[in-house]
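Survey of secondary and tertiary structure
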Amino acid sequence: MPDTMKALILQGDGYATERPEDTALAAMEPFVQLGQLAVPEPGEDQVRVRVALASVNPSDEMFIQGLYGQPRIRGNAAGFEGVGMVVASGGGPVADGLLGRRVAFVAAAGAPGTWSECSIADAALCIPLIDDVRDEDGAGMIVNPLTALAMFDIVKKDGAKAFVLSAGASQLSKLLIGAAAEEDYRPIAIVRRDSQVGPLESLGAAHVLNSEADDFDRQLSAVLREEKPRVFLDAVANQVSASVFTAMGRRARWVIYGKLDTEAPTLLEPGQLIFMMKQIEGFWLVRWMQETAAADKRAAIEAAQSRFASGAWRTDVTAVLSLEEAMTHLPAELAKPNGKVFLKP
Ligand SMILES: NC(=O)c1ccc[n+]([C@@H]2O[C@H](COP(=O)([O-])OP(=O)(O)OC[C@H]3O[C@@H](n4cnc5c(N)ncnc54)[C@H](OP(=O)(O)O)[C@@H]3O)[C@@H](O)[C@H]2O)c1
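Procedures and definitions
- Residues numbered from 1 in each chain as written.
- Predicted model: local features only at pLDDT ≥ 70, side-chain atom pairs only at ≥ 80, totals over all residues.
- Heavy atoms only, no water.
- Near = heavy atom within 4 Å.
- Polar contact = N/O pair within 3.5 Å; in protein donor to acceptor, adjacent residues only side chain to side chain.
- Areas by Shrake-Rupley, 256 points an atom, 1.4 Å probe, with all protein chains shown as cover.
- Helix = DSSP H or I, 4+ residues; strand = E, 2+ residues; numbered from the N terminus.
- Nonpolar A, V, L, I, M, F, W, Y, C, P; charged D, E, K, R; others polar.
- Phe/Tyr/Trp six-rings, centres within 6.5 Å; stacked < 30°, edge-to-face > 60°.
- Buried < 20%, exposed > 50% of the residue type's maximum accessible area, 1.4 Å probe, protein only.
- Pairing = 2+ DSSP bridges.
- Axes fitted to C-alpha atoms, helices over the stretch in contact; angles between N-to-C directions.
- Contact = heavy atoms within 4.5 Å.
- Lys, Arg positive; Asp, Glu negative; His and termini not counted.
- Salt bridge = Lys/Arg side-chain N within 4 Å of Asp/Glu carboxyl O.
- Core = buried A, V, L, I, M, F, W, Y, C linked by side-chain atoms within 4.5 Å.
- Left-handed = near helix turned anticlockwise from the far one by under 90°.
- Expected span 1.5 Å × (residues − 1).

This paragraph deals with the site of the ligand. Taken together, 24 residues lie near the ligand, and L172, R192, R193, L285 and K340 sit nearest. Measuring from an oxygen atom of the ligand, one finds a side-chain N or O atom of N144 at 2.9 Å. In this structure, an oxygen atom belonging to the ligand sits 2.6 Å away from a main-chain N or O atom of L285. For the ligand, the protein covers 84% of the area, taking 940 Å² as the surface of the free molecule. A per-element tally of the shell around the ligand places helix α4 (residues 143–158) first, with three residues. Tallied by class, residues from the shell around the ligand come to 13 nonpolar, seven polar and four charged.

This is the structure we're talking about:
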């Protein structure tokens, strides 16, 4: 193993001091630069992973710009999630047992991330993969699938069969729609492109509404009257989201788990929180990981892996880029709809 490795290295430290008008990534250079880092050594109960493929999630886009819920460390490699081979153990039975295994993993806190040739993971949080799982699915096996399953659990526990979800054509929403339809739940997906209506209906959405359509408000009211959803899973959090929440019935829950739009929503009828027992809350996988019993987490991880292995879930791929290509092409590839971009260090 050489002493140094290629990585996309964070240029900023901590959090951004100002929120930009548009959070979509416009250029890489202000936030990450291609460079060399020392190959990291795993600590006890950790492993070093030779990264095969790394995800580029909206959380990565926000993180490198200093807009995510965790501070940046200048000089460290970016990238939360990936798949690769375990090539070194820092000691401990779980870590030693992973040597030579292909694992899905999230980079350990403070360690070089997955946008580099090697990363470090806590052994307990690595998922050894069976051969039937493609690298493209393994690289996105944790963040979106576990969030989709955890939020589907919120829907199930709440009781109503119908639920609303924004950013309906996101990878996460597609996983959620597929899993929910299999159990006869009725997802009501909101998108902003007509071309996404048909594919999401085929996947199992009971209704797909385009928020850009002239008669969106009328269509939404009709669907809400018919389906009576209680939970709104929202990754956009803009004024359309606030209107959807306002139009929903008694005891509606607005669960915000992403902020894809920079628009600050205005709550149109705050009295609904008092008189209609409506609620606004957040969901963050990091908190779910901390608060959920180990057996429930294991069950969710196994469910995600078997869904990918069986083909019930499949990650749509827009592009696979080298670290060099990422510096020039990543913003443009991320701007394309309907698939994920991966990095191959
Ligand atoms: N809270 C958590 O723990 C957690 C965990 C995982 C993911 N997430 C969040 O889940 C969301 C989806 O993640 P993903 O990886 O599945 O995303 P993705 O596949 O990259 O898709 C992003 C989707 O968001 C839509 N979108 C982007 N900007 C929008 C805007 N201004 N208005 C309306 N729609 C917009 C896009 O619509 P078009 O197709 O029209 O371009 C696209 O369908 C992200 O917000 C992510 O941060 C949260």
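A separate point is the packing of aromatic side chains. The final tally for this structure, using the stated rule, is seven aromatic pairs. Aromatic pair Y68 and F80: ring centres 5.6 Å apart, planes at 50 degrees, arrangement tilted. Of this pair, Y68 sits in the loop between α1 (58–64) and β4 (81–89) while F80 sits in the loop between α1 and β4; the two residues are 12 residues apart in sequence, bridging distant segments of the chain. Here Y68 falls in the partly exposed class, since its relative accessible area comes to 23%.

Moving on, we get to the sheet that holds strand β10 (residues 207–210). Strands sit in the order β10-β9-β8-β11-β12-β13 across an open sheet of six strands; the sheet is parallel. Of all the strands in the sheet, the pair left with one neighbour each is β10 and β13 (279–282). Across the sheet, the axes of successive neighbouring strands diverge by a mean angle of 20 degrees, strand direction being ignored. Here strand β12 (residues 253–256) runs beside β13; their pairing, made up of four bridges, is parallel.

So, about the environment of A235. For A235, the position within the fold is in the loop between β11 (231–234) and α8 (239–247). Residues A235 and L165, 70 residues apart in the sequence, show an inter-C-alpha distance of 8.0 Å. Setting aside chain neighbours within four positions, we find A235 in contact with S166, A167, Y257, G258, K259 and L260.

On to the side chain of E81, then. As for its placement among the helices and strands, E81 is situated in strand β4. Within the buried core, E81 has no salt-bridge partner, and the shortest N-O distance to an opposite charge, that of K340, equals 7.3 Å. From its side chain, E81 meets the backbone nitrogen of I142 in a polar contact 2.8 Å long. The contact partners of E81, leaving out residues within four places of it in the chain, are A54, S55, N57, F105, V106, T114, A139, G140, M141, I142 and V143.

In this section: the nonpolar core. Judged by nonpolar contacts, the single largest core of 46 residues is most densely connected at M141, M151, F163, L176, L200, L233 and F283. Counting only elements with at least two residues in this core, the list comes to α4, β8 (162–165), α5 (171–182), β9 (186–191), α6 (197–203), β11, α10 (285–291) and α11 (294–310). If one sorts the elements of this core by residue count, α4 sits on top with eight residues. Apart from the residues lying within four places of it in its own chain, the contact partners of F163 are V155, L176, A180, Y185, R186, P187, I188, P229, V231 and L233. Residues V32, F80, V86 and L98 belong to the second largest nonpolar core, which totals 32 residues.

Now for the packing of helix α7 (residues 216–227) against α8. When two helices pack together, their arrangement is captured by the angle between the axes and the distance separating the axes. At a closest axis distance of 10 Å, the pairing of α7 and α8 adopts a crossing angle of 35 degrees. The interaxial crossing formed by α7 with α8 has right-handed handedness. Contacts from F216, L220 and L224 of α7 reach α8 at V240, V244 and A247. For the contact of α7 with α8, the class distribution of residues is six nonpolar, no polar and no charged.

With that out of the way, let us pick up α5. Taking 1.5 Å as the rise per residue, α5 with 12 residues should run 16 Å; its terminal C-alpha atoms sit 17 Å apart, in good agreement. Extensive coverage of α5 is indicated by the burial of 10 of its 12 residues. Restricting attention to buried positions, one finds in α5 the residues Q171, L172, S173, K174, L175, L176, I177, G178, A179 and A180.

In short, shape yes, function no, at least from these values alone.
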